[in-house]
Amino acid sequence: MADFYITTAIDYVNGLPHVGHAYEKVLTDVIARFRRLMGDSVYFLTGTDEHGQKVQQTARARGVPPRQFADEVSAEFRAMLPRLLISNDDFIRTTEERHKRVVRELLQRLFDKGDIYRGEYRGFYSTRQEQFLLEKDRNPDGSWPDIYGEVTQIAEPNYFFRLRSYQEWLVEFLARNEGFVFPRFRQKQVTEFLKDPLNDLCISRPRERLEWGIPLPFDPSFVTYVWFDALANYYSAVADRPGVWPAALHVIGKDILVPPHAVYWPIMLHAAGLALPRGLLVHGWWLTSGAKMSKSAGNAFNPLELVDEFGADALRYFFIREMNVGQDGDFSRELFLVRYNSDLANDLGNLVNRVLNMTSRFAGGAVPAAGAEGEAELELRALWEATSRDYVALFGQYQFHTGLERLFAFVRSINAYVEKRAPWKLGKSADPADRALLQTSLAVMAEALRLASAALRPVMPGATATIDGVLGSRPSGAWLDELAWGGRLAGAKVSPALVLFPRPLPAAGKAP
RNA sequence: GCCAGGGUAGCUCAGUGGUAGAGCAGAGGACUCAUAAGCCUUUGGCCGCGGGUUCGAUCCCCGCCCCUGGCACCA
C-alpha cells in the first residue's frame, strides 16, 4: 500500500548527471519527505532509461557492449542519490526483467485490442547517422547539415499506436481535471497542443537498425521505441506491488511534458485500462546566465562539487529556496555562496552555535524551563504560529521557495529576540527577576530553534538531524504536533557549541 | 510565425485598483553569547515602452519591444 506514489523522470544513460538531474531528485525528495511527515505512506521511485539508438551508438564507439555501458552510467546516477540524501524506495532500470516483462504485456494487450497496428513510416534518413531526421534538424536554408552525410527519403514498415482515436477523450479529461498539471499554465500548453489533430505514434524500430531495445511480443523483428519503454517504468516498477499504482505525482522537467507525459502517457494508460496518475509536477531549468561573466573558470561545474565542499543540505537548501517551482532559475557558484553565507552560516548556523554556547555558559548545559512570558516571547510565539501554518500550507502547494523565505524570516526573528533579551547581560545580574528572565529566554530560543529545525527537516534532513541531536531533542509523534510551540526541551542536555555551516575560507591565491 | 512564461531598487525576487516591499550588496550606529557573525537605523526604484478604461493603475484592456522555453513522431 501507498497513499502517495511519487516518481522522478528516469535519466537517459547517454550522458552523465548534471545540475538538472540533481535538482529533480532533490525536489522530488523534498516532496516525498514532506508527505511522509504529513503522515502519508510514500513510495518514491527513480531510475534510469537505458535502451535506444544513442546508447547503442555510444557504446559501440567505445567498443563495449551496450549492456556494460548502461551498467556503468546507471551506476553513476545511482551513486549520486545517497550523496544528495535522496530517500527513494526503489530504483528502476529499463533493462531489468521486471520492466521488460510489463512492457511486453502492455504492448500485447494493446495489440490484441487493436490499438496497435502495422503501418509504414516515411521520413528522411541519414545513412551515416543511422537515424531518421526531423524537420528541425534541417539548416535554416532547408539543406541537411553535413554531419548527416547523404540524406534520402525512405519508407519502412513499423507499428503504430492509435493516439488519434483517444484525442477527444484526453481533451475532455483535461477539461474535467484542471489541476492535473502543475503549474496551471503548463496545462494550458497541453490544451493548446491538443487543438491540432494528433497523428498516430510510431512505436517501433526494425531490429536491423536498432537492436538495443525490447522486442515487440507480437513481432520480434522489431523493438519498441522509447515511449512504451521509458514511460512504462512508472508502472512496471510497482506492477507487482498491490495498491501502489496509480502514481500521485510524476515530477518532470518542462521539456518532457508535451507530448510524452501529458499526451502519450495518459492515453497509453487509458487505452490499457489502467488508472491515470493524479498529477504532473513540471519544473523549470537552471540557467547559467553567467555566460557573460564566464571569464572565471568554473561556469560549467558539477553540482556534486558543491556537495563535497558544503554538504548535501546546503545544495538542497539552495535548490529549494532559489527555484520557484515551474519557473526557471539562475544557478551559479556566486548565488550559491550568497545563500550559503547569509542564510545558512550567518543566520541559522550561527544561531545554533550561540544557543548552545549560552545554554552551556549560563545554564550548565541543560535547557531550562520557561517561566512567565513577556511581550518579546509572545511576539515570537505569535510569529511562529503564523509562520508554521503558512509554511505547511505553502509546501502543500509546492511553494517551497516562499515557505523557506518565511521560515528564515522567523530564524532572523529568533536572532532579534536573543538581542532583545541579551542573556549575556542577564547572566551577570543577581536580581531574581533577571535570573528568571534568563531562564525563560534560554528556553525560548532553544524551543524556537527546535521548531525551525523540525520545519526544515524535509529540505535539510542531515543538518536538522544534527540540530535535533545537539539540542537534545528527540523527534517523536506526528510532525504537525512537533511543529507546535511547547516546552519539549526543558531539561534536555545540549552539546557543546559547534559550527554547523562553516564560512568558506576566503579564496586564496587568486590569479593576478 | 504560433503558443506560453518573464520584464519591479546594483543583484535575486515578492506584491496590491488608491502615496511601492523583502533578502543580499552599500552607508551609519550600539552591543559581545556567537562562524569579524547577530541586532538597530539608513541610501537606493519614470514597477519594459506607448495608448485606453477609471476620480485614480505597477496591478485591468489593446498594441509594441526585449529575454526564455515549446511547436510532436526528438532520450
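This is a predicted model, so every value here is computed, not measured.

Caption draft 1: Region of the structure containing the overall build of chain A. Across its full length, chain A carries 18 helices and 16 strands. C-alpha extents for chain A along the principal axes are approximately 95 × 60 × 40 Å. Sorting the 512 residues of chain A into buried and exposed places 52% on the buried side. Look at the contacts in chain A between residues 6 or more apart in sequence, and 77% of them connect residues 24 or more apart. Distance between charge centroids for chain A: 3 Å, based on 59 positive and 61 negative side chains.

Caption draft 2: Structural view of unusual backbone geometry. Following W245, the chain continues to P246 via a peptide bond in cis, the omega torsion being 5 degrees. As for its position among the elements, P246 is in the loop between helix 8 (233-236) and strand 13 (249-253). The omega torsion of the bond from V258 to P259 falls at 0 degrees, within 30 degrees of zero and hence cis. Tracing the chain through its elements places P259 in helix 9 (residues 257-271). The backbone phi angle of L85 is positive, close to 60 degrees, even though this residue is not glycine. Mapped onto the elements of the fold, L85 is located in the loop between helix 3 (66-83) and strand 4 (90-93).

Caption draft 3: Looking closely at the sheet that holds strand 7 (residues 151-161). Read across the sheet, four strands follow the order 6-5-7-9 without closing on themselves; strand pairing throughout is antiparallel. Strands with a single pairing partner mark the edges of an open sheet, and in this sheet they are strand 6 (131-133) and strand 9 (201-202). Pairing of strand 5 (residues 116-126) with strand 7, which is carried by 11 bridges, proceeds in the antiparallel orientation. Residue pairing for strand 7: Y117 is matched across the bridge by F160.

Caption draft 4: Seen up close, the nonpolar core. Counting residues in each nonpolar core, the largest one holds 92 residues, and the members touching the most others are I31 and F319. In terms of residue count, helix 16 (residues 432-456) provides more of this core than any other element does, 12 residues in total. Sequence-distant contacts of F319, defined by excluding residues within four places in its chain, comprise V19, A22, Y23, V26, W286 and F331.

Caption draft 5: Looking closely at the protein's contact with RNA strand B. Lining the immediate surroundings of RNA strand B are 52 residues, of which Y12, R205, V226, N350 and R354 lie closest. For RNA strand B, the fraction of atoms within 4 Å of the protein that belong to sugar or phosphate moieties is 68%. Residue C202 places a main-chain N or O atom 3.0 Å away from a base oxygen belonging to RNA strand B. Between a base nitrogen of RNA strand B and a main-chain N or O atom of F501, the distance comes to 2.8 Å. Taken together, the elements giving at least two residues each to the surface near RNA strand B come down to helix 6 (184-193), strand 9, helix 7 (226-231), helix 9, helix 12 (333-363) and helix 14 (400-421). Looking at which element gives the most residues to the surface near RNA strand B, the answer is helix 12, with 12 residues.

Caption draft 6: Broad picture of the pattern of salt bridges. Taken as a whole and assessed by the stated rule, the structure comprises 32 salt bridges. Of the charged contacts, one joins K25 and D11 as a salt bridge, the two residues approaching to 2.8 Å between their closest N and O atoms. Remark: D11 occurs in strand 2 (residues 11-12) and K25 occurs in helix 1 (residues 19-37); sequence separation between them is 14 residues. Of the charged contacts in the structure, one is a salt bridge between R122 and E120, with a shortest N-O distance of 3.2 Å. A relative accessible area of 47% means that E120 is categorised as partly exposed.

Caption draft 7: Representation of the side chain of R421 within the structure. Tracing the sequence through the fold places R421 in helix 14. On the accessibility criterion, R421 (18% relative accessible area) is buried. Within the structure, R421 has its side chain in polar contact with the side chain of E377 (distance 2.7 Å). The residues touching R421, leaving out its near neighbours within four places in the chain, are G374, E375, A376, E377, L426, L437 and S441.

Caption draft 8: Focus on the packing of aromatic side chains. Applying the stated criterion to the full structure yields 30 aromatic pairs. Relative to W245, the ring of Y5 lies with its centre 6.1 Å away and its plane at 70 degrees, an arrangement referred to as edge-to-face. Of this pair, Y5 sits in strand 1 (residues 4-8) while W245 sits in the loop between helix 8 and strand 13, and the two are 240 residues apart along the sequence. With respect to class, Y5 is no different from W245; both count as buried. Both rings, one in W169 and one in F173, keep their centres 5.7 Å apart while their planes meet at 25 degrees; by these two values the pair is stacked.

Caption draft 9: Up close: the side chain of D229. Within the fold, D229 resides in helix 7. The side chain of D229 sits in the buried core without any salt bridge; K100 is the nearest counter-charge, 8.9 Å away. In this view, D229 contacts H51, T94, H99, V103, I214 and T224; residues no more than four positions away in its chain are not counted.

Caption draft 10: Spotlight on the environment of S221. Summarising the element assignment, S221 is placed in strand 12 (residues 219-224). For S221, the side chain forms a polar contact with the side chain of D219, separated by 2.5 Å.

Caption draft 11: Spatial organisation of helix 17 (residues 461-471). Among the residues making up helix 17, those that are buried are P461, A463, T464, I467, D468, V470 and L471. Against the buried residues of helix 17 lie helix 1, helix 11 (312-322), helix 12 and helix 16.

The rules behind these values
Residues numbered from 1 in each chain as written. Chains lettered and ligands numbered in written order. Predicted model: local features only at pLDDT ≥ 70, side-chain atom pairs only at ≥ 80, totals over all residues. Heavy atoms only, no water. Helix = DSSP H or I, 4+ residues; strand = E, 2+ residues; numbered from the N terminus. Buried < 20%, exposed > 50% of the residue type's maximum accessible area, 1.4 Å probe, protein only. Contact = heavy atoms within 4.5 Å. Lys, Arg positive; Asp, Glu negative; His and termini not counted. Charge placed at Lys NZ, Arg CZ, Asp CG, Glu CD. Pairing = 2+ DSSP bridges. Core = buried A, V, L, I, M, F, W, Y, C linked by side-chain atoms within 4.5 Å. Near = heavy atom within 4 Å. Polar contact = N/O pair within 3.5 Å; in protein donor to acceptor, adjacent residues only side chain to side chain. Salt bridge = Lys/Arg side-chain N within 4 Å of Asp/Glu carboxyl O. Phe/Tyr/Trp six-rings, centres within 6.5 Å; stacked < 30°, edge-to-face > 60°.

Everything listed is a geometric property; what it means functionally is a separate question.
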